[in-house]
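What follows is each chain in one-letter form.
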Protein chains: 2
Amino acid sequence: MALIVQKYGGTSVGNPERIKNVARRVAEYRRRGDKVVVVVSAMSGVTDGLIKMAKEIMPLPSEREMDMLLATGEQTTIALTAIALHSLGVPAVSMTGAQAGIITDGVHTKAKIRNITPKKVHGFLDGGNVVIVAGFQGETPEGQITTLGRGGSDLTAIALAAALKADLCQIYTDVDGVYTADPRIVPTARKLPEVSYDEMLELASLGAKVMQSRSVEFAKKFGVVFEVRSSLNDNPGTIVKEETKNMEDVVIRGVALDKNQAKVTLVAVPDKPGVASRIFKALAEANINVDMIVQNISHGTGTPSTDLSFTVEKADLLKAEKVIASLKAEVGFSQSIATDKIGKLSIVGVGMRSHSGVAAKMFETLAREKVNIDMISTSEIKISVVIDLAKGEQAMRAVHTAFIG
Amino acid sequence: MALIVQKYGGTSVGNPERIKNVARRVAEYRRRGDKVVVVVSAMSGVTDGLIKMAKEIMPLPSEREMDMLLATGEQTTIALTAIALHSLGVPAVSMTGAQAGIITDGVHTKAKIRNITPKKVHGFLDGGNVVIVAGFQGETPEGQITTLGRGGSDLTAIALAAALKADLCQIYTDVDGVYTADPRIVPTARKLPEVSYDEMLELASLGAKVMQSRSVEFAKKFGVVFEVRSSLNDNPGTIVKEETKNMEDVVIRGVALDKNQAKVTLVAVPDKPGVASRIFKALAEANINVDMIVQNISHGTGTPSTDLSFTVEKADLLKAEKVIASLKAEVGFSQSIATDKIGKLSIVGVGMRSHSGVAAKMFETLAREKVNIDMISTSEIKISVVIDLAKGEQAMRAVHTAFIG
């Protein structure tokens, strides 16, 4: 008899019929003798509808009141899910985040979980019930309702699994698991049976978004093993867990292509202390998230100067160009060149640590495909290159074939 | 500076535009320097939509889960109302029933308020906020969400007014107040400036439904003076309060016609102990609410027998006929006659106690109109007669003219 936490997202509980499907799956686990805690999101579309009404009244509504408002979405789903389980003859009890003992800080709309006291959850489980917990929400020690922000329901599930010392945490979604690459681009991509937290984090941050990074980080911190799998079939998904010795046998776990980046290059930036800090402080103050930064050694005969390139999200490019233009006189670079016709291609794998020649093999593969490399950035378990967007998918397939097959 | 509790029903908060109107009214009271607590219902249609979804999943959903589900309706409205007040520059804070300290018993879907600890409400009021409380809901001492059943938001408002020792409680609705009769039937009907709890209770139970009886009873028990008024204009409404000496100067406060009754007559029922009990116990077991019961003295030469008549709601008539038919052999009446072509005409007034000849004047008026009286029932402050439905409105106008003008 295992204790399982299952999380179902907004699409999986999008209407009464789908909620019944979720209930059928939960009922099956329970019939095997497992204790089941179910975490659900708001039905798809509900949260957006609530936000729309609030903005109709006031464009920038109070965050405390938005939490009060949005928390109703998950509360609706938990009640309907409990009813669906009852209709199958399964005892079930719904609980709001607050009732389940999820205590957060007071940062409305993006609260952090401080601790979980799942005494009542245990009580209902011991009474033979499936317990349905509202995802995405909690309350402050003072009893104010809070929400956890994007990916909040995944976080609820993983945090509950940790607090309950669950044997298994399953994140049900509309994909089958984590793939070696996006199967729509790479036909030979295959589902990974397992992946380490760090690899999952790199893949998530590289545009292969199955889950928000914060949930994976939380799982890593508390050692919660979880499975990402589909709510549409019974196929096993991908197990995400701490790195094991044999994981290193696989050099590259996955290949990701992020088409959502843009690049800015400052040409002939004076190479003196404080220049980079001035530029990136200004970008940060404008709330622009900078991803890759590449600066090469300086050259030139008079005042030494260097070229500085960085990438930002496409949506931020215009704003970034304005910030850079405003710095031109002060910083004294000769010109800035911006383009959003780039793709960021990355390979990820913990095996990289113990295998040499990975970067060389990647660059060689790209050279064979006549793909020029604009920027390179590496971490311990990842190599990213910025290339021409038009050649992105071709390059991705070639790299996938070279490393994975 | 007064402390005012205002309650707005589902129609008054039916969409974002109407919620803004409510906010404007609240803001005006606050600008005068009043402290305001606002109780709101779910937006009209929302509760029905939730019930529909639940029944799609299961025809008879669990009452605990229905409370969890339906409580989201009011929670949505409080957040939107607070946001609407913010948009007018008025500090406002929303609170669920549980947060406002409304503790109930554990009878889901029709919980009774046990006590209110409005410490947090006072805190927010003292901080200069308008406090918006979700009507219709509370929680058990164990932290389970409950709802109060029909008319629950009125009850929340009146109970809060009592707990907060409010100076005034205003129930905003879509009628202007309590009238001497339904103005759609009696053109000369006029709005009552005031009415006693008992008169209001009789009028409510007689089909002149502005509020559910339980809220009026609660107000009476705790001496909460409240005003019923319209959310569509600024006209003063009707004050409902404890009976005062001068109220007795008015003999009849109002005339009501209930067209929703049906009558069953059992002819020649053996007049022996236990017969009436057998009949009404069977009806009660079938969940049929019996209103008037009339039994006259027995007659006949052999076994004494009597005629027994009672009224039920029209919707229950078929069920009542079945129950009666099943008792025929056992009880031994000669036949049963049922009709739903009746109207129950009532006059209500505390002045009846100190004025004689009221019944005589009513019967005389009806006789002049050639209206035959089928059944008569009286209480200390009310006289009801059952008459032919076709003559109901004519009789109502005649009685109104005779007593009120």
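A few points on the structure. (Residues numbered from 1 in each chain as written. Chains lettered and ligands numbered in written order. Predicted model: local features only at pLDDT ≥ 70, side-chain atom pairs only at ≥ 80, totals over all residues.)

A closer look at the overall build of chain A
Helix and strand counts for chain A come out as eleven helices and 20 strands. Against the compact-globule benchmark of 22 Å for 405 residues, chain A has a radius of gyration of 24 Å, which places it among compact chains. With the principal axes as the frame, chain A shows a C-alpha extent of 80 × 50 × 30 Å. A total of 405 residues make up chain A; the buried ones form 49% of that total. In chain A, once contacts between residues fewer than 6 apart in sequence are set aside, the share between residues at least 24 apart is 74%. (Helix = DSSP H or I, 4+ residues; strand = E, 2+ residues; numbered from the N terminus. Rg over C-alpha atoms; globule rule 2.2 N^0.38 Å. Buried ≥ 20, exposed ≤ 12 C-beta atoms within 10 Å, placed from the backbone. Contact = placed C-beta atoms within 7 Å.)

Thoughts on the interface of chain A and chain B
In this assembly, 28 residues from chain A lie in contact with 28 residues from chain B. For the side of chain A that touches chain B, the secondary-structure elements that each account for two or more residues are helix H1 (16–31), helix H2 (46–57) and helix H3 (63–87) of chain A. Among the elements that take part in the side of chain A that touches chain B, H3(A) stands out by supplying 14 residues, more than any other. Grouping the constituent residues of the side of chain A that touches chain B by class yields 16 nonpolar, nine polar and three charged. (Nonpolar A, V, L, I, M, F, W, Y, C, P; charged D, E, K, R; others polar.)

As for the pairing of strand E1 (residues 3–8) of chain B
Residues and elements named next belong to chain B. Among the six residues in E1, five count as buried, and that is most of the element. In the sheet, E1 pairs with strand E2 (residues 35–40) via six bridges, with the strands oriented parallel. The residue of E2 that forms the bridge with Leu3 is Lys35. Bridge count for E1 against strand E9 (residues 168–173) is five bridges, and the pairing is parallel. Residue pairing in the sheet places Lys7 in a bridge with Ile171 of E9. (Pairing = 2+ DSSP bridges.)

Notes on the relation of the copies chain A and chain B
Superposing chain A onto chain B takes a rotation of 178° plus a shift of 0.0 Å along the axis, which leaves an RMSD of 0.3 Å. Expressed as an axis order, the relation between the two copies is that of a two-fold axis. When C-alpha distances to the rotation axis are compared across chain A, the minimum falls at A:Thr72, with a value of 2.4 Å. Looking at the interface residues of chain A, 100% of them are also at the interface in chain B, so both copies use one shared face. (Least-squares fit on C-alpha atoms with pLDDT ≥ 70 in both.)

A word on the environment of B:Leu345
Residue and element names in this part refer to chain B. Mapped onto the elements, Leu345 comes out in strand E18 (residues 342–348). For Leu345, a count of 27 C-beta atoms within 10 Å corresponds to the buried category. Separated by 213 residues in the primary sequence, Leu345 and Ile132 have C-alpha atoms spaced 40 Å apart. Excluding residues that lie within four positions of it along the chain, Leu345 makes contacts with Leu257, Ser384, Val385, Ile387, Gly392, Ala395, Met396 and Val399.

A look at the packing of helix H10 (residues 358–368) of chain A against helix H11 (residues 392–403) of chain A
Residues and elements named next belong to chain A. Their axes nearest at 9 Å, the elements H10 and H11 cross at an angle of 135°. When the interaxial angle is binned, H10 and H11 end up oblique. For the pair H10 and H11, the crossing hand works out as right-handed. Side by side, H10 and H11 meet where Lys361, Met362, Thr365 and Leu366 of the first sit next to Ala395, Ala398, Val399 and Ala402 of the second. Partitioned by chemical class, the residues of the contact of H10 with H11 number six nonpolar, one polar and one charged. (Axes fitted to C-alpha atoms, helices over the stretch in contact; angles between N-to-C directions. Parallel < 35°, antiparallel > 145°, perpendicular 65-115°, else oblique. Left-handed = near helix turned anticlockwise from the far one by under 90°.)

Re helix H7 (residues 213–222) of chain B
Among the residues making up H7(B), those that are buried are B:Arg214, B:Ser215, B:Val216, B:Phe218 and B:Ala219. B:Gly223 sits one or two residues past H7(B) and shows a positive phi near 60°.

Some remarks on the pairing of E9(B)
All names here are of chain B. Of all six residues in E9, five are buried, a share of seventy percent or more. Here E9 runs beside strand E11 (residues 226–230); their pairing, made up of five bridges, is parallel. Residue pairing for E11: Thr173 is matched across the bridge by Ser230.

Regarding the nonpolar core
By size, the foremost hydrophobic cluster in this structure holds 243 residues, and its most contacted members are A:Ile158, A:Leu160, A:Ala161, B:Ile158, B:Leu160 and B:Ala161. Apart from the residues within four sequence positions on either side, A:Ala161 is in contact with A:Val5, A:Ala166, A:Cys169, A:Val224 and A:Phe226. (Core = buried A, V, L, I, M, F, W, Y, C linked by C-beta atoms within 7 Å.)

Structural notes on the environment of A:Leu318
All names here are of chain A. Looking at the secondary structure, you find Leu318 in helix H9 (residues 317–331). What makes Leu318 exposed here is the crowd of 12 C-beta atoms within 10 Å. On a C-alpha basis, the gap between Leu318 and Ala338 in space is 9.2 Å, while along the polypeptide they are 20 residues apart.

Read these as geometric descriptors, not functional statements.
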